[in-house]
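The lines below spell out each chain.
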Amino acid sequence: MHARAETAAAEPQLDVRAVHLWRGERHLLRGTSFVLERGELLQVVGPNGVGKTSLLRCVAGLLPMESGEIVWRGRQLRECRDDYHQQLAYLAHINALKADLTALENLQYSVALRRPVMSQELRATFARLQIAQCADLPARALSAGQKRRVAIGRILLTRAELWILDEPITNLDSAGIALFEECMAEHLRTGGMILTAAHQLLLQGQPGVRTLELH
Amino acid sequence: MHARAETAAAEPQLDVRAVHLWRGERHLLRGTSFVLERGELLQVVGPNGVGKTSLLRCVAGLLPMESGEIVWRGRQLRECRDDYHQQLAYLAHINALKADLTALENLQYSVALRRPVMSQELRATFARLQIAQCADLPARALSAGQKRRVAIGRILLTRAELWILDEPITNLDSAGIALFEECMAEHLRTGGMILTAAHQLLLQGQPGVRTLELH
Amino acid sequence: MWLWFHKLSSPPYAYQVAARLRPWFSWSALALMLFAAYGGLVLAPPDYQQKDAFRIIYVHAPAAIMSLQVYVVMAIAAAIGVIWRIKLAHAVAAACAPVGAGFTVVALATGSIYGRPMWGTWWEWDPRITSELIQLFLYLGYMALRASFDDTQRADRASAILAIVGVVNVPIVKYSVVWWNSLHQAPTISKLGKPSIELSMAWPLYTMLLGFMLYFAAVLCDRVRSEILRRERNASWLTETVKTS
Amino acid sequence: MQASGLSTLVRLVIARDLRLAVRHWDHVVQPLIFFAIITTLFPLAISPALDELRRIAPGVVWVAAMLASLLALESLFRPDVEDGTMEQWVLSGQPLSLLLLAKVVTHWLLTGLPLVLMSPLVGTALGMPQSAWPVLMATLALGTGSLSMLGGVGAALTVSVRRGSVLLALLVLPLEMPVLIFGARAVDLAMHGEAVTGPLNLLAAVLLLFVSLGPFAMAAAMRVSVES
Amino acid sequence: MQASGLSTLVRLVIARDLRLAVRHWDHVVQPLIFFAIITTLFPLAISPALDELRRIAPGVVWVAAMLASLLALESLFRPDVEDGTMEQWVLSGQPLSLLLLAKVVTHWLLTGLPLVLMSPLVGTALGMPQSAWPVLMATLALGTGSLSMLGGVGAALTVSVRRGSVLLALLVLPLEMPVLIFGARAVDLAMHGEAVTGPLNLLAAVLLLFVSLGPFAMAAAMRVSVES
Ligand code: HEM
Ligand SMILES: Nc1ncnc2c1ncn2[C@@H]1O[C@H](COP(=O)(O)OP(=O)(O)OP(=O)(O)O)[C@@H](O)[C@H]1O
Ligand SMILES: Nc1ncnc2c1ncn2[C@@H]1O[C@H](COP(=O)(O)OP(=O)(O)OP(=O)(O)O)[C@@H](O)[C@H]1O
Ligand SMILES: [Mg+2]
Ligand SMILES: [Mg+2]
């Protein structure tokens, strides 16, 4: 343990090595590898069904892989799962909102699992995402895009260093996309890491923004 | 009835007049009106939560409106609901696929409700949408985009004259979007009508393509 | 008639009418009940076999009869609401349920109290008693179903269907005594033609029944008004009436 | 209608649901085993003196059947509504009441019929005389039928409600009580070798009533549940 | 951990579920009414002679309680898993077993406890003597507790399965049988005024066992159910 911890400085933050994954009969990921450093955004691109979501779920530790290893700060993922997950914020295709709780309560409960949070802070985030007027509506009443914004709010509030986002801008209008790009840029400036699956590239041409093409 | 039917020729195909809709405390649609003629595509645009989905559901007859009327070929919607629905194909935010049935079976059963259909025809559609390899996979195994393509396949196969599509290109990759634009163009050429909610405009600048801005 | 019906079905008008009628109902109900209670508890002679215990019937029978009639009213209102799309009718149906449930509870309670001296038991699984219990569950189910929808219009139509289906139970309650040989009293007062109990016992019963009906009408007025208030909260006429009053 | 004929529709729906059931054949046997478990619970909970068991046997079997088919009801419409299939059915322009009726029939074939076929076994375990089997099966057949129909209406009402399962039970069970009473009573009579035509006719009448009115109530309820 | 302390976590989960319950207060009373309905079903199906009822009363109450809390189990994890909340919990880096334990406790407070408090009423309706009330409530309290824990494990296993509700019943009921037997027997003994410490201790032991092992089993099962 200790030895590893010391060498960790040299290691990259997140190091994914030769991941192989089968889905049913299909050999989906054939030795996918990448490295993610502080302040970097890696956008996984590729046609529908190529395996972006699967890769993201693997990296998040939600999908057991066939072979290969995922190393977080010099330690194997399975050795440090809880520490790793505490640094991780994951946004899936679905939004993980309780239809019967208001948007505010949804965030309150899901964020408070990670860290204590005040409701002013929550409302501030809602305001920033321009859904302040929905804060006290039951989630079932929200529109598709509003739901997505609330889910993004959860990512922002979690204060995790590593974001794993699966097509985050689904259902967002153009204003929403611009807004979300800001948020990502800020997260990168403050040394965060982002791994996304995308059909539409964001923050094009900025430093530290790379794409990973799956075939 | 008869008198109506004769005058119908003069009438527009679909005539939506001064629709008012409340959602909870919110007065969402304030007298929205539009007409749709053969070969026309109307794209409802507007920020998240402005009421696009609600409008589409109203027009599809899935949401009772406060006031206003929807006239289909000269007859009130509630008078001719079944005839109207037989001419209608509706694509919602969710795909309406049974996770336990294969993609093929899903389409088979949902299309056969409307008209007899051969499995060759189904497979042809799968091939056209470039998901031939998924035809025999259980729907739960499909990726987000593949699911959406299957749902679009249902629309194509229904052979309805009026399509109502809620953000149809969600989760589609660029190739898929191009493909879908073709399908829409062809439907319009053959005298079909399309009403969509969109954040990203399709078939820009083509004849008969209009947008309706909601505020 | 039809015109009046339509006029009444407009919330503002109904709101005012209910307000105007309510005091009449409530006061006359109170008077009748007191009168009937006096008649039943003091004037009426003790029953030759049931002694004074029978006097509880003056609460029991009317309550029980109301428990059924309220349901019928509720179902009819619901049906009207569904068929002619009249919101007010739904409001009436919604207002009926709790009152009916109340009557049912009273009927059950007084009944079982009554049963102690008569049958020597608080509770007996006899067709009428059971079907009356089902009646209670129906009311509760109706209210629960209503409460589970957060959109009023959907709640209206869903619960209306339940109310209409549930009507099946009313004749079962009413004629269970006739169909199955039951511990329970055969219908005596509700048997029109010649009542099989003598008048001195009967008239307080009828008066009490009338009193209960009026009471029901009064409560209904209140509940319908609050229902209207809840449903029309963002309607223009309401703000005006509130301002004026 | 330009669509395929009514009988085709019915066959279609039944075929679809049967296939879904075959995909999960294990699910088909579950209500049965559940039925068996409940009926075995009783002898355990109650003193296992056989004569006493025999006396309560009809009631136990009937209550078990009701609860089993009730639990199965939960999965009658919910999946279709949640994944949006039902929405498509409502928009199909085909007679919704017919589609739902077909669905209920399939549901009965998958959950009710097996109960009926299995009842003699359970009955014997509870010390029921062989002479009572025909009546037991007949009453259960009629009974489970009307339970399915009535349950269908309840399910259509409660399907879009969170935790609808309990609400469903609350709505359906009371209305089913008469069926239960007559069914159990008939079996009881049969065990004592008396005539049972009375209750049997009543059960048949109830079933007829439900089958004739149920579909429309279901369709109406489903339209409400879907739109939102 | 940089996160809020364990007790905070527990309080958080409980607060959340309680709020969800309050949002739908009607849902909380439903298991109760269901319990009442079942217990009323029996006397109907069985001959309504009170002395006979009294003899089978403990069994009836217990079976009703089990089925009621079983139906309630259905909604323990499923909603959270289907809308992706559970996925987030698994990824939260907090001890999952603790979170799930808290959830089960709340579930018991909402479904088990009311049953216990209500049981005397039902018992009386079935002609149970007042003297048996304390034992009835005590056994039910212990019994529903262990049912909730065991049911939690079962629910975690079956949550990602279609039509899991019936499967759940299959897994849980057999394991619950011992509890049922001892519970009903204890009440029976109490009704005849005999000593009941033996079965009571046994029930307590079972509950202890489940509470100590349950959470880890639940967490493990849940991780399996979530990843796919
Ligand atoms: C919990 C127990 C009881 C219940 C649920 C119950 C229920 C009812 C119901 C529903 C009615 C109305 C019948 C109608 O509308 O025609 C009724 C009427 C009546 N009940 Fe009961 N009852 C109970 C116990 C008793 C007892 C113990 C007695 C006395 C022996 C009794 C005497 C009567 C009488 C005299 C009437 C009026 C009969 C008539 O003229 O309609 N009830 N009861
Ligand atoms: N049991 C199975 N048998 C065969 N193929 C499977 C099975 N399960 C999943 N797959 C395939 O694995 C792929 C899953 O891909 P994934 O969801 O990661 O795609 P994606 O890149 O996220 O696509 P999208 O852009 O549409 O979200 C799909 O192509 C699917 O067909
Ligand atoms: N009970 C309610 N109370 C208040 N507002 C409500 C209620 N129910 C729905 N709404 C509002 O109605 C709107 C529904 O909008 P709708 O889903 O039609 O939006 P949309 O245009 O489709 O948005 P998107 O582009 O995100 O899909 C949302 O703004 C929502 O906040
Ligand atoms: Mg994906
Ligand atoms: Mg929308």
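Right, let's walk through the structure included here. (Residues numbered from 1 in each chain as written. Chains lettered and ligands numbered in written order. Predicted model: local features only at pLDDT ≥ 70, side-chain atom pairs only at ≥ 80, totals over all residues. Heavy atoms only, no water.)

**Looking at the overall build of chain D**
1) Next: Summing up its helical and strand segments, chain D has eight helices and zero strands in all.
2) Next: In chain D, the succession of α and β elements from N to C terminus is α-α-α-α-α-α-α-α.
3) Next: The C-alpha radius of gyration computed for chain D amounts to 18 Å, which stays within 12% of the reference 17 Å derived for 228 residues, consistent with globular compactness.
4) Next: Here the C-alpha coordinates of chain D stretch approximately 60 × 35 × 30 Å along the principal axes. (Helix = DSSP H or I, 4+ residues; strand = E, 2+ residues; numbered from the N terminus. Rg over C-alpha atoms; globule rule 2.2 N^0.38 Å.)

**A closer look at the overall build of chain C**
1) Next: In terms of regular secondary structure, chain C is built from nine helices and zero strands.
2) Next: When the 245 residues of chain C are sorted by exposure, 52% land in the buried category.
3) Next: Contacts spanning at least 24 positions in sequence make up 75% of the contacts within chain C whose residues lie at least 6 apart. (Buried < 20%, exposed > 50% of the residue type's maximum accessible area, 1.4 Å probe, protein only. Contact = heavy atoms within 4.5 Å.)

**Quick look at the pairing of strand 7 (residues 162–166) of chain B**
Residue and element names in this part refer to chain B.
1) Next: Taken across its five residues, strand 7 has five buried, putting it largely inside the fold.
2) Next: Because side chains alternate across strand 7, one face comprises the buried residues Leu162, Ile164 and Asp166, and the other comprises Trp163 and Leu165, equally buried.
3) Next: Note: strand 6 (residues 88–91) against strand 7, four bridges, orientation parallel. The residue of strand 7 that forms the bridge with leucine 88 is leucine 162.
4) Next: On the question of chirality, the crossover connecting strand 7 to the parallel strand 8 (residues 193–197) by way of helix 7 (residues 174–189) is right-handed. (Pairing = 2+ DSSP bridges. Right-handed = clockwise from strand over helix to strand, strands pointing away.)

**Points about the sheet that holds strand 8 of chain B**
Residue and element names in this part refer to chain B.
1) Next: Spatial ordering of the open sheet is given by 6-7-8-3-9, a layout of five strands whose pairing is parallel. What marks the edges here is a single partner per strand, and that holds for strand 6 and strand 9 (209–213). Between one strand and the next, the sheet's axes are offset by a mean angle of 15°, whatever the strand orientation.
2) Next: Where helix 2 (residues 52–60) meets the sheet, its contacts fall on strand 3 (41–45), strand 6, strand 7, strand 8 and strand 9, and the angle it forms with strand 7 comes to roughly 150°.
3) Next: The sheet strands contacting helix 7 are strand 3, strand 7 and strand 8, and the helix crosses strand 7 at an angle near 155°. (Axes fitted to C-alpha atoms, helices over the stretch in contact; angles between N-to-C directions.)

**Considering the site of ligand 3**
1) Next: Around ligand 3 there are 21 residues in total, and Ser143 and Gly145 of chain A together with Lys52, Thr53 and Ser54 of chain B lie nearest to it.
2) Next: Mapping the residues near ligand 3 onto chains gives chains A and B.
3) Next: At 2.7 Å, a side-chain N or O of serine 143 of chain A approaches an oxygen atom of ligand 3.
4) Next: One of the side-chain nitrogen or oxygen atoms of histidine 93 of chain B is found 3.4 Å away from an oxygen atom of ligand 3.
5) Next: In the complex, 91% of the free accessible area of ligand 3, which totals 640 Å², lies under the protein chains.
6) Next: Grouping the amino acids of the shell around ligand 3 by side-chain chemistry returns five nonpolar, 11 polar and five charged. (Near = heavy atom within 4 Å. Polar contact = N/O pair within 3.5 Å; in protein donor to acceptor, adjacent residues only side chain to side chain. Areas by Shrake-Rupley, 256 points an atom, 1.4 Å probe, with all protein chains shown as cover. Nonpolar A, V, L, I, M, F, W, Y, C, P; charged D, E, K, R; others polar.)

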